[in-house]
Amino acid sequence: MTDTIDEALADPVGLIVRLVSTVEQSLDTARIHDVVVDVADGRPKRRRLAQLLADCPQVLTTGGPPVAWSVGQLLRGLREAGATSIAAPRCGECGRTLTYMISRRGYLRDPDHLLPLVRAEDGREVVVVE
């Protein structure tokens, strides 16, 4: 565990690339590196992302939930780059696959949860659109 923490601090991009490449065989390491650098644009963000993935690498194949915002961005970036083994991020409240992302206290959630619901006459819940 200490080695992973040290690596997350010393070479966060290398650790992320290594963790992703063990799961994703269809992308080469250079492409994974490019996605990581694009998604995690600063060293502190890279370190946090590396530590999150080191603590819970299965999020790469499950998509969460819950999943931190930075991990969700990485999952989406890898999928957009052509990854086939990487899971899409999932809502932290209901577990649905997210088509786009918003954050609630740093964790992903489905934006439909923000829309007000009312009960229709037939008992269904419908979204109120103003």
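Calculation notes
Residues numbered from 1 in each chain as written. Predicted model: local features only at pLDDT ≥ 70, side-chain atom pairs only at ≥ 80, totals over all residues. Heavy atoms only, no water. Helix = DSSP H or I, 4+ residues; strand = E, 2+ residues; numbered from the N terminus. Buried < 20%, exposed > 50% of the residue type's maximum accessible area, 1.4 Å probe, protein only. Contact = heavy atoms within 4.5 Å. Axes fitted to C-alpha atoms, helices over the stretch in contact; angles between N-to-C directions. Parallel < 35°, antiparallel > 145°, perpendicular 65-115°, else oblique. Nonpolar A, V, L, I, M, F, W, Y, C, P; charged D, E, K, R; others polar. Lys, Arg positive; Asp, Glu negative; His and termini not counted. Salt bridge = Lys/Arg side-chain N within 4 Å of Asp/Glu carboxyl O.

Student: How should the environment of L49 be read in this particular structure?
Tutor: Within the secondary structure, L49 sits in helix α4 (residues 43-55). Judged by relative accessible area, L49 falls into the buried class, the value being 0%. Once the C-alpha coordinates of L49 and P12 are considered, the two residues, 37 residues apart in sequence, prove to be 7.8 Å apart. Not counting residues within four places of it along the chain, the set of residues in contact with L49 comprises I16, A40, S70, V71 and L74.

Student: Just to check I follow, could you spell out the packing of α4 against helix α6 (residues 69-80) for this structure?
Tutor: In a pair of packed helices, the angle between the axes and the distance between the axes together describe the arrangement. Orientation of α4 relative to α6, taken along the N-to-C sense of each, is 85°, at an axis distance of 9 Å. Relative to α6, the element α4 is oriented roughly perpendicular. Note on element contacts: α6 touches α4 through S70, V71, Q73 and L74, opposite K45, L49, L52 and L53. Residues belonging to the contact of α4 with α6 are distributed by class as follows: five nonpolar, two polar and one charged.

Student: For this particular structure, what's the right way to read the side chain of R46?
Tutor: Tracing the backbone through its elements, the reader meets R46 in helix α4. Among buried Asp, Glu, Lys and Arg side chains, R46 stands out as unpaired, with D41 the closest opposite charge at 6.8 Å. Not counting chain neighbours up to four residues away, the residues in contact with R46 comprise P12, V13, I16, V37, A40 and D41.

Student: How should I be thinking about the environment of V39 in this particular structure?
Tutor: Mapped onto the secondary structure, V39 falls in helix α3 (residues 29-39). Distance from V39 to L49, taken between C-alpha atoms, is 10.0 Å for residues ten residues apart in sequence.

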